[in-house]
Amino acid sequence: MVTIVLGAQFGDEGKGKITDLLSQSATVCCRAAGGHNAGHTIVHDDITYDFHILPSGLVSPSCINLIGAGTVVHIPSFFKELAAIEAKGLKDANTRIFISDRAHVCFDLHSVVDGLEEAVLGGRKVGTTGKGIGPCYADKAARRGVRVGEVLEEGVVERKLRSLAAGYTRRYGELNYDVEEELGRFNTYRTLLKPFIVDQLAFMRKHKSSPTTLVEGANALMLDIDHGTYPYVTSSCTGLGGAIQGLSLNPTSITSIVGVVKAYSTRVGSGPFPTEQINAIGEKLQTVGREFGVTTGRKRRCGWLDLVMCRYSKEINCYTALNLTKLDILDDFDEIKVAVAYKVDGKELESFPADLEVLEKIEVEYDTLPGWKSNTLGTTKWEDLPPNAQKYVEYIERDLAVPVKWIGTGPSRSHMIERA
Ligand code: GDP
Ligand code: IMO
Ligand code: MG
């Protein structure tokens, strides 16, 4: 049985929290794509864990974790994150984490190039996390990248990294980058990394009897390289297709696809955001929702829930259940809006448009629902939600025709309503 958790909007929906919850009864938890651009926060009583490249399943003591073939891995971040969670009490984390030998290595060089590419774009910059994700996937697609398994082979990283650095120097001139320093570190990684590297197929076969394999989506559908708001996207396949491809999953083994939907919308970085509220409402969502990026500390742009976008996301990712998150952040609004249609020149669009120029022109049509003006923080029972909060959830459920199985009412694992 495979359960896949996917972000339905622009990221930061709360994928980490539901992954942590579900991984308590999973044997294996895997990341399929993306890299340390992800930032997943998990709150347990008084401990807060920030995961970037490591899967959130590490918090559950008996869960084994895999960083799959579709990912890009920045090795120093991997070790740093591992040390950080071990210091927070997850002492055996290093015995429960593995990396596919086919995942790609994200170098410091990629991060330097990421910055240069953004600088060239000027006002049209993507607003990346600066972690080198785009250049790393570009090198992978150009067939000159380094796979994690190759780190173990003497001389390969040296040959390939020098060649990459020379290529970028030809393109950008002198780089603010020391190839010798980065290569030096790889000498130690050759030994340090060895116990973590696995053949993904053999690994999966070994855990075949696992009652549940959990896939932790990173980034989100609207940041997908094919289906997102290109070019304002990340450089991997962040949806259902990416999960299957990156982990070589048997599609018939997938029993549940959980779409994580924030009760409003947020976006970090540039790019279209039809329901963005650049006003007091947006500021209130940002402040009450503590909407700051985990990876870069940037303020997240905020706006109303966009059902046109969520319907598009659902059609691509085939959600079987939803986790509506951060409902508690809407506790103090007199009324709550949801986008229900996009119109251009008075005519409703069929779907979320590909053309950014069209997106700039659209008029968003909203439905307005009454707020509930009462505290839902920490609520664990559906019956304890105020009637207007229940109506809000049911409205979304009806519109998307997918059951809302979990409702987030606070940051902690226990702040969740689970519906039958
Ligand atoms: P992810 O990238 O999808 O895992 O989401 P992030 O961790 O980047 O951002 C979600 C933030 O909201 C984190 O700080 C979570 O601790 C927090 N969070 C998750 N679910 C809820 C919820 O239901 N209510 C509140 N108030 N906070 C939540
Ligand atoms: P999680 O997993 C929010 C955004 C960046 C930028 C664009 C490209 O925490 O939901 P990149 O560095 O990937 O080349 O940046 O994608 N982005 C995210 N935004 N949450 C994320 O991950 C993101 N991962 C990438 O802000 O706009
Ligand atoms: Mg995040």
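This structure is a prediction, so every number in the text was calculated from the model and none was measured.

**Q** Describe in detail the site of ligand 2, supporting the description with residues and values.
**A** Surrounding ligand 2, one finds 20 residues, the nearest of these being K15, H40, T129, N219 and T234. Contact distances for ligand 2 include 2.7 Å between an oxygen atom and a side-chain N or O atom of H40. Take V268: an N or O atom from its main chain is 3.1 Å from an oxygen atom of ligand 2. Across the complex, the protein chains shield 98% of the 550 Å² of accessible surface that ligand 2 would expose by itself. In a pocket analysis with a 2 Å cut-off to the grid points, ligand 2 is assigned to the largest pocket.

**Q** Tell me about the site of ligand 1, residues and numbers included.
**A** As a structural note, the neighbourhood of ligand 1 is formed by 20 residues, with G14, K15, G39, T41 and D328 the closest of them. With respect to ligand 1, the backbone of G408 contributes an N or O atom lying 3.3 Å from an oxygen atom. Coverage of ligand 1 by the protein amounts to 91% of the 580 Å² it exposes when considered alone. In this structure the site holding ligand 1 corresponds to the second largest pocket. Secondary-structure elements contributing two or more residues to the shell around ligand 1 are α1 (15-23) and β3 (40-44). The class makeup of the residues in the shell around ligand 1 is 4 nonpolar, 9 polar and 7 charged. Residues lining the shell around ligand 1 come from more than one domain, with at least three contributed by each of domain 1 (2-103 + 195-257) and domain 3 (260-418).

**Q** Run through the coordination of the magnesium ion (ligand 3), naming residues and quoting values.
**A** Within the protein, D12 (OD) and G39 (O) serve as the donor atoms for the magnesium ion (ligand 3), at 2.0 to 2.1 Å. Residue D12 is located in the loop between β1 (2-7) and α1, and its partner G39 is located in the loop between β2 (28-34) and β3; the two are separated by 27 residues in the primary sequence. Here G39 falls in the buried class, since its relative accessible area comes to 12%.

**Q** Lay out the pairing of strand β10 (residues 254-262) in plain terms, naming residues and giving numbers.
**A** In terms of burial, β10 is largely enclosed, as 8 of its 9 residues are buried. Both β10 and strand β14 (residues 321-325) contribute to a ladder of 5 bridges, which runs parallel. Its bridge partner being in β14, V258 is matched across the sheet by A321.

Conventions used here
Residues numbered from 1 in each chain as written. Chains lettered and ligands numbered in written order. Predicted model: local features only at pLDDT ≥ 70, side-chain atom pairs only at ≥ 80, totals over all residues. Heavy atoms only, no water. Near = heavy atom within 4 Å. Polar contact = N/O pair within 3.5 Å; in protein donor to acceptor, adjacent residues only side chain to side chain. Areas by Shrake-Rupley, 256 points an atom, 1.4 Å probe, with all protein chains shown as cover. 1 Å grid on protein atoms, 1.4 Å probe; cavity = no way out; pocket = protein on both sides within 12 Å on 5 of 7 lines; lining within 4 Å. Sits in = over half its atoms within 2 Å of the grid points. Helix = DSSP H or I, 4+ residues; strand = E, 2+ residues; numbered from the N terminus. Nonpolar A, V, L, I, M, F, W, Y, C, P; charged D, E, K, R; others polar. Domains from an automatic or database assignment. Donors = N, O, S within 2.8 Å, 3.2 Å for Na, K, Ca; no water. Buried < 20%, exposed > 50% of the residue type's maximum accessible area, 1.4 Å probe, protein only. Pairing = 2+ DSSP bridges.

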